[in-house]
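Residue-level structure breakdown
One letter stands for each residue in the lines below.
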Amino acid sequence: MKKMVLLIAAACMLTAAQAQDSIKTASCSKHYGVFGNLDVSVVAGTTGIGIDVASRIGDYVQLRAGYDYMPRFHKSIYFPVEVGGEPAKKYDAQGNRVKSRFDRLSEILTQVTGYQVTDEVEMVGKPTVNNFKLLVDVFPFKHNRHWHFTAGFYWGPSQFGYAENSTQAMTSLLAVGMYNTIYYRAENRLPLYEGSSFSIGEEIRSALMNYGRMGFPIGKFKHDIYGTYAQDVYGEFGSILHHKGEYGVIHQAGETYMMEPGLDGMVKVYAKANNFKPYLGFGYGGRLLKNRDDWQVSFDAGAMFWGGTPDLYTHDGINLTKDVEGIRGKVGDWVDIVGGVKVYPVLNVRFTKTIF
C-alpha cells in the first residue's frame, strides 16, 4: 500500500511539473488555460454507474472527480443443513435417498414448533459499492490526444457487499435456533428457561444428544479461535451460544465451523475492504459524433487496489477468508472468488459533453 501511494504521489508530481511547463507555453495557455474548460461525463462499467466532471490544467493533464454507484441486484447462494455432522440428504450405495437424522428431526420440529425446516437455506447476496473518485489523466502524446494514462484513488465505505437469508428461509432458521437453544440447555443440564425449575428429562436429553446440534457446515478452522476474541466480536451471541467458556479456545484448528442463526434468527455475511483504494489505469477516447468535438466517448481500463485480501465476516464474527479453509460447494466458490480478488478490475465507458 505504501509503495502504491508513493507511486501515485510521484505520478501526480510528474503531471504537475508537466502542467507547469505547459502553462509557460503561450500556445497552451491560449488553448486551454488552467481550469479553462469543463467536461461532464456519464460513466458505466464495473464500478457501477456514475457521473464525473473534468477540467484541463495544462496541455497534457486533466483533473477528474466524480462518484460511482453500483445498482442493487441479487444473487442467491444456498447453504446445506447438517445435524450432528451428518448431511441433511443421505443416500444408500445404490444412490437412493434414505431417511437421515435431519429428516427424523425435521418431522419432530414441525410438530413441536409448527414450522417446517428445509434441508438448505437460501442466502441472497447484494453489492453495496459506492465510491468518490479523484483521478489525474495524462495525455503523453503531443500529436495523438486519444490515449491517456490515469492515476488517483477511489474512496468509499469499507463494506462493498453483503448476504443475508431470504424471507422464505426465516421459518427454517427460527426452528433451527429454537432447537439449538433447547439442545444447549439439555447438554448443560439447565432448566428449559431461566428462573424455572422445569428441567429437560433424561429421555429427551438422551435423544437430543444422539441427534447433535443443527447448523450449516462451512469448512474447517485454520487456527484456534479464543474466547476473548469471541467476546469482542460475537458480543451477546458469543457468550450465549459458544458455551465452551469466556476465556480460552472455543474453536480449535481443524474443527468444523458450523454456522448457526444469530439471536435475531438471521444468517448474514458482510464483505469488506479498505476505504481508500488507489487506482492505476489507461484509456482511449475520441469523438462520439462526427464533426462534433463537444461530444466524446472514451474507454478506461485499470485496477483498483483493495489493500490485500477482502474480508468476509459472518454475523458471529468469523472471517471466512482468513479463519476458515476447505469451504465446500457454491459457498466455497464465492469465497474463493472474493478472497482471490486483491485487485478489483475496472473497465468503464464514459460519455462526455464539453460545457465550455
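Structural notes, computed from the coordinates. All residue numbers here refer to positions counted from 1 along the written sequence of the relevant chain. Where local features are concerned, this predicted model is filtered to residues with pLDDT of at least 70; where side-chain atom pairs are given and counted, the filter is 80 or more; whole-chain, interface and lining totals use all residues. Values reported for side chains reflect all heavy atoms of the structure, with hydrogen atoms and water molecules removed beforehand.

1. Regarding the pairing of strand 10 (residues 130–138)
- Throughout, exposure labels follow a simple rule: accessible area from a 1.4 Å probe, protein chains only, divided by the maximum for the residue type, with under 20% read as buried, over 50% as exposed, and the rest as partly exposed. Under the scheme used here, helices are H or I runs from DSSP no shorter than 4 residues and strands are E runs no shorter than 2 residues, and both carry numbers assigned from the N terminus. The buried fraction of strand 10 amounts to 7 of the 9 residues, a majority that puts the element mostly inside the structure.
- When DSSP finds at least two bridges between two strands, those strands are taken to pair. Where strand 3 (residues 61–69) meets strand 10, 9 bridges bridge the pair, whose relative direction is antiparallel. Of the residues in strand 10, the one forming a bridge with L63 is V136.
- In this structure, strand 10 lies alongside strand 11 (residues 147–155), joined through 7 bridges in antiparallel fashion. Bridge pairing in strand 11 links F132 to W155.

2. Details of the packing of helix 4 (residues 170–187) against helix 5 (residues 202–211)
- Two elements in contact, helix 4 and helix 5, have axes whose closest approach is 10 Å; the angle formed by their N-to-C orientations is 115°. Helix 4 and helix 5 meet at a crossing whose hand is left-handed. For the pair helix 4 and helix 5, contact is made by Y179, I182, Y183, A186 and E187 and by R205, L208, M209 and Y211, respectively.
- Looking at the contact of helix 4 with helix 5 residue by residue, the classes come out as 7 nonpolar, no polar and 2 charged. Fitted lines through C-alpha atoms give the axes, limited to the stretch in contact for helices. The angle between two N-to-C directions lies from 0 to 180 degrees. A clockwise turn of the near helix away from the far one marks a right-handed crossing, whereas an anticlockwise turn of less than a right angle marks a left-handed crossing. Residue contacts are defined here by distance: any two heavy atoms, one from each residue, within 4.5 Å place the two residues in contact. Each residue gets one of three labels, nonpolar for Ala, Val, Leu, Ile, Met, Phe, Trp, Tyr, Cys and Pro, charged for Asp, Glu, Lys and Arg, and polar for the others, Gly among them.

3. Here we look at the pattern of salt bridges
- A side-chain nitrogen of Lys or Arg and a carboxyl oxygen of Asp or Glu constitute a salt bridge if their distance falls within 4 Å. Tallying each qualifying case throughout the model produces 17 salt bridges.
- For R145, the salt bridge is made with D59, and the minimal N-O distance between the two is 3.0 Å. In this pair, R145 sits in the loop between strand 10 and strand 11 while D59 sits in the loop between strand 2 (48–56) and strand 3, placing the two residues 86 residues apart along the sequence.
- The class of R145 is partly exposed, set by a relative accessible area of 28%.
- The closest approach of N and O atoms between D311 and K322, which form a salt bridge, is 2.9 Å. One end of the pair, D311, is in strand 20 (residues 311–314); the other, K322, is in the loop between strand 20 and strand 21 (324–325), with 11 residues separating them in the sequence.
- With a relative accessible area of 15%, D311 lands in the buried category.

4. What to know about helix 3 (residues 101–113)
- In this model helix 3 runs 18 Å from its N-terminal to its C-terminal C-alpha over 13 residues, within 8% of the 18 Å that 1.5 Å per residue would give.
- The secondary structure elements touched by the buried residues of helix 3 are strand 5 (82–83), strand 8 (97–98), helix 4, helix 5 and strand 13 (214–221).
- With its phi angle positive at about 85°, G114 sits one or two positions after the end of helix 3. Each helix should span, by expectation, one fewer than its residue count multiplied by 1.5 Å.

5. Structural notes on the environment of A88
- Within the secondary structure, A88 is located in the loop between strand 6 (86–87) and strand 7 (90–91).
- Separated by 14 residues in sequence, A88 and F102 place their C-alpha atoms 5.1 Å apart.
- Residue contacts for A88: discarding those within four places in its chain leaves V81, E82, R97, S100, F102, D103 and D119.

6. Looking at the sheet that holds strand 9 (residues 120–127)
- Read across the open sheet, the 5 strands follow the order 4-9-12-17-20; overall the sheet is antiparallel. Each edge of the open sheet carries a strand with a single partner, namely strand 4 (75–80) and strand 20. The sheet shows a mean angle of 20° between the axes of neighbouring strands, direction not considered.
- Bridge analysis of strand 4 against strand 9 gives 6 bridges, and the strand direction is antiparallel. Residue pairing in the sheet places P80 in a bridge with E120 of strand 9.

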